[in-house]
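Examining the three-dimensional arrangement
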Amino acid sequence: INDLRTSELLKDYLIPLNITSILDAGIIVDGEVVGILCLEHTNSIRSWHGDEEAFVTTMASFLAQSLINFARIQTEEALAESEEKFRITFEYAPDAFYINDLNGIMVDGNLAAERLSGYKREEMIGKPFARLVPENEMTKAMQILSENNNGKPTGPHEITMRKKDGTQILIESSTFPIKLKGKPLVLGISRDITKRKQDESELRKLY
């Protein structure tokens, strides 16, 4: 009770409770004191033994590790929730969503991508996106890939897609650099604009 570090506690805490001796250990997380583990003794002044000091230090370390583990679990749960929301949005989006690695290899595609291309997801994964592009559009496709590798979003741009059955459609596509589990990838979003372009062409003929 004679320690200057606890002088502010004397009147309202230590004296009313007859606390004469205190043994404190800091709870340290990432180099910062986030709490104090405190042992208190009443009545006669107590000299703390080495095993008591070791005990309170060990318990403070245990509490610090528990806080670290709790924060990690919260982060993992938040990440899992975020990934689940992304997966639902990705899977059921009305536009075709597909994910490529930086070499242009398909990593994933949603249901709309299956409908747009005619390929099932398992037929797309692991294959180069270039097989969906006719030869005369390959230069444009490779330019888009180059910009993606530099971490730049692209589009919206128009490019021809060759479907599984060999028919060709005109699509409007945009790409965005993303990271999933720390891995850099490219998210592409595409829609079929063939009919829209045909309608626009017919309208121009009327005027």
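Everything discussed here concerns the structure shown above.
Reading the values: rules and limits
Residues numbered from 1 in each chain as written. Predicted model: local features only at pLDDT ≥ 70, side-chain atom pairs only at ≥ 80, totals over all residues. Heavy atoms only, no water. Helix = DSSP H or I, 4+ residues; strand = E, 2+ residues; numbered from the N terminus. Expected span 1.5 Å × (residues − 1). Buried < 20%, exposed > 50% of the residue type's maximum accessible area, 1.4 Å probe, protein only. Pairing = 2+ DSSP bridges. Axes fitted to C-alpha atoms, helices over the stretch in contact; angles between N-to-C directions. Contact = heavy atoms within 4.5 Å. Phe/Tyr/Trp six-rings, centres within 6.5 Å; stacked < 30°, edge-to-face > 60°. Lys NZ or Arg CZ within 6 Å of the ring centre and 35° of its normal.

**A closer look at helix α2 (residues 50-92)**
Taking 1.5 Å per residue as the helical rise, α2 with its 43 residues ought to reach 63 Å, and the 63 Å between its terminal C-alpha atoms agrees with that figure. All of the buried residues in α2 are Glu 52, Val 56, Ala 60, Ala 64, Phe 90 and Glu 91.

**What about the environment of Ala 80?**
Relative to the helices and strands, Ala 80 resides in helix α2. For the pair Ala 80 and Lys 195, spaced 115 residues apart in sequence, the C-alpha separation works out to 39 Å.

**Quick word on the sheet that holds strand β7 (residues 183-192)**
Spatially, β4-β3-β7-β6-β5 is the arrangement adopted by the five strands of the open sheet, whose pairing is antiparallel. Since the sheet does not close on itself, it has two edges, and those belong to β4 (106-109) and β5 (154-162), each with one partner. Here the average twist between neighbouring strands, direction ignored, is 30 degrees. Inspection of the sheet shows strand β3 (residues 96-100) paired to β4 by three bridges, in the antiparallel sense. Considered in β4, the bridge of Ile 99 is made with Asp 108. Its contacts with the sheet put α2 on β3, β4, β6 (168-180) and β7, and the angle it makes with β3 is roughly 125 degrees. Relative to the sheet, helix α6 (residues 194-206) contacts β5, β6 and β7, its axis offset from that of β6 by approximately 135 degrees.

**Quick word on unusual backbone geometry**
Excluding glycine, a negative phi dihedral is what most residues carry, and trans is how most peptide bonds are arranged. Omega for the peptide link from Gly 155 to Pro 156 comes to 5 degrees, which places this bond in the cis form. When you line up the elements, Pro 156 lands in strand β5. Although it is not a glycine, Asn 43 sits at a positive phi angle of roughly 70 degrees. Following the sequence through the fold, Asn 43 ends up in the loop between β2 (32-42) and α2.

**Some thoughts on the packing of aromatic side chains**
Going through the model one piece at a time under the given rule, you end up with one aromatic pair. Plain terms: the ring middles of Phe 90 and Phe 97 are 6.0 Å apart, the flat faces sit at 70 degrees to each other, and that makes the pair edge-to-face. Comparing Phe 90 with Phe 97, the two get one shared label, buried. Between the NZ or CZ atom of Arg 131 and the centre of the ring of Tyr 119, over which it lies, the distance is 4.3 Å.

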